[in-house]
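# Structure at a glance
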Amino acid sequence: MAVRVRIPVLMRNLTGGESQVTAEGRTVAEVFSDLDRRFPGVKERVYDEEGKLRRFINVYVNEKDIREMQGEETPLADGDEVAIVPAIAGGGPKDRSSASIDR
Amino acid sequence: MFAFTEDEIVRYSRHILLPEVGGVGQQKLKEARVLIVGAGGLGSPAAFYLAAAGIGTIGIVDDDVVDLSNLQRQILHRTQDVGTPKVESARRALEDLNPGVKVVPYRFRLDAGNVMDLIREYDVIVDGVDNFATRYLLNDACVMAGKPLVDAGILRWDGLVMTIRPGEGPCYRCVFPEPPPPGAIPSCQEAGIIGAIAGIMGTIQALETVKLILGVGETLTGRLLVVDALEGRFRQVTARRDPGCPVCGENPTITQLVEYDLACDIRGNGAGDRTAAAGGAAN
């Protein structure tokens, strides 16, 4: 099964800057394995040390949370879209120390 | 009858023309009290549009002072405001725009000890904070107090926004059960942020707030809007209430406010290293 995978900005350094890649797999887990073969480091980003999906990273298949389906075993069909969406917290006031980056 | 002056009728005429607003809706906006947490990238556009819309009382929480590096996106503040408290700079900007709005500055950091007293005074809360610890604290407090919370986060070219209506849809913890460990997700100061994404997301927050107050349309409740500005894409994903959610689920385990000790601020090289290892955002 060939599916499209949306890569969040924070993981695009792994995919050479690509925001969307195609991957093979019958399930979400297989797609992550395929991605990790081609873009080493993907699994480390999405799985924790115990091999579970990180709790601050959500995975959606065709806009539906895989936790509402069969998790990583959620079956995929040709042309499905898998989106990886990490929590982000920015937006606020404090970046005084960014001055140290700017320097 | 409505208590509008002639100037107010003119000022809000383009609102009043809308069937979803009208005089009744404009009066609701005038009577509304909105708390904006953070006078930064998100809080700036949100506050501007809410003040322009005639929200009667706008509270703004921020303990920081304006820095030169803020001005690329935090449009409440001007070059000459560098070094002044953000809440004061914000008050000046909003009162200049609309003298009919009462701006209440709170120059302190939101914490577990003050959040409940603060949000009690307000109808809608807008989350424009820059860190996960305050984000989860605000979510938990709003769930406990039954206050609607319009949440958004931005980083680099990406934005997320959702409206949390306790009891009616998922809370932030239903969607993201736990905050990431320190360093896993970089902050704006580490990873950068394109100014205009703050404008888009903060403006959506203002729009959600206005809809909540008017009781019109459909809010982003049970839906997460994901914006990829680099690609020019808006997508939405569904979000459900989690019956096992520790704060809004059937048997909540979080019944008292807790504050995570998460450092999103740069903590020297260690944090940078962790970022590179876990979040990979360094470059």
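Right above here is the structure, for reference.
Read on for a plain summary of the structure. (Residues numbered from 1 in each chain as written. Chains lettered and ligands numbered in written order. Predicted model: local features only at pLDDT ≥ 70, side-chain atom pairs only at ≥ 80, totals over all residues.)

## A closer look at the overall build of chain B
Scanning chain B for helices and strands turns up 11 helices and 8 strands. In chain B, which comprises 283 residues, the proportion classed as buried is 51%. Within chain B, residue pairs in contact and separated by at least 24 positions form 70% of the contacts whose partners lie at least 6 positions apart. (Helix = DSSP H or I, 4+ residues; strand = E, 2+ residues; numbered from the N terminus. Buried ≥ 20, exposed ≤ 12 C-beta atoms within 10 Å, placed from the backbone. Contact = placed C-beta atoms within 7 Å.)

## Topic: the sheet that holds strand 7 (residues 223–228) of chain B
Residues and elements named next belong to chain B. Strand order across the open sheet formed by 8 strands is 3-2-1-4-5-6-7-8, with mixed pairing between neighbours. Where the open sheet ends on each side, the last strands, each with one partner, are strand 3 (102–106) and strand 8 (233–238). On average, each strand axis in the sheet is tilted by 15° relative to the strand beside it, whichever way the strands run. Against the sheet, helix 5 (residues 86–97) contacts strand 2 (57–61) and strand 3, and its axis sits at roughly 175° relative to strand 3. Those strands touched by helix 10 (residues 195–214) are strand 1 (33–37), strand 4 (124–127), strand 5 (149–155), strand 6 (158–164) and strand 7, and its axis lies near 175° from that of strand 5. (Pairing = 2+ DSSP bridges. Axes fitted to C-alpha atoms, helices over the stretch in contact; angles between N-to-C directions.)

## Quick look at the packing of helix 4 (residues 43–52) of chain B against helix 10 of chain B
All names here are of chain B. Where helix 4 contacts helix 10, the two axes come as close as 7 Å, and the packing angle between them is 40°. Relative to helix 10, helix 4 is oriented oblique. Crossing angle aside, the handedness with which helix 4 passes helix 10 is right-handed. Facing G43, S44, P45, A46, Y49 and L50 of helix 4, the residues of helix 10 in contact are A198, G199, G202, T203, Q205, A206 and T209. A class-by-class count of the residues in the contact of helix 4 with helix 10 yields 6 nonpolar, 7 polar and no charged. (Parallel < 35°, antiparallel > 145°, perpendicular 65-115°, else oblique. Left-handed = near helix turned anticlockwise from the far one by under 90°. Nonpolar A, V, L, I, M, F, W, Y, C, P; charged D, E, K, R; others polar.)

## So, helix 3 (residues 22–31) of chain B
Residues and elements named next belong to chain B. All of the buried residues along helix 3 are G25, Q26, L29 and K30. Angularly, the buried residues of helix 3 cover 145° about the axis, an arc narrow enough to put them on a single face. Where helix 3 is buried, its residues touch helix 2 (13–16) and helix 10. (Arc of directions from axis to C-beta.)

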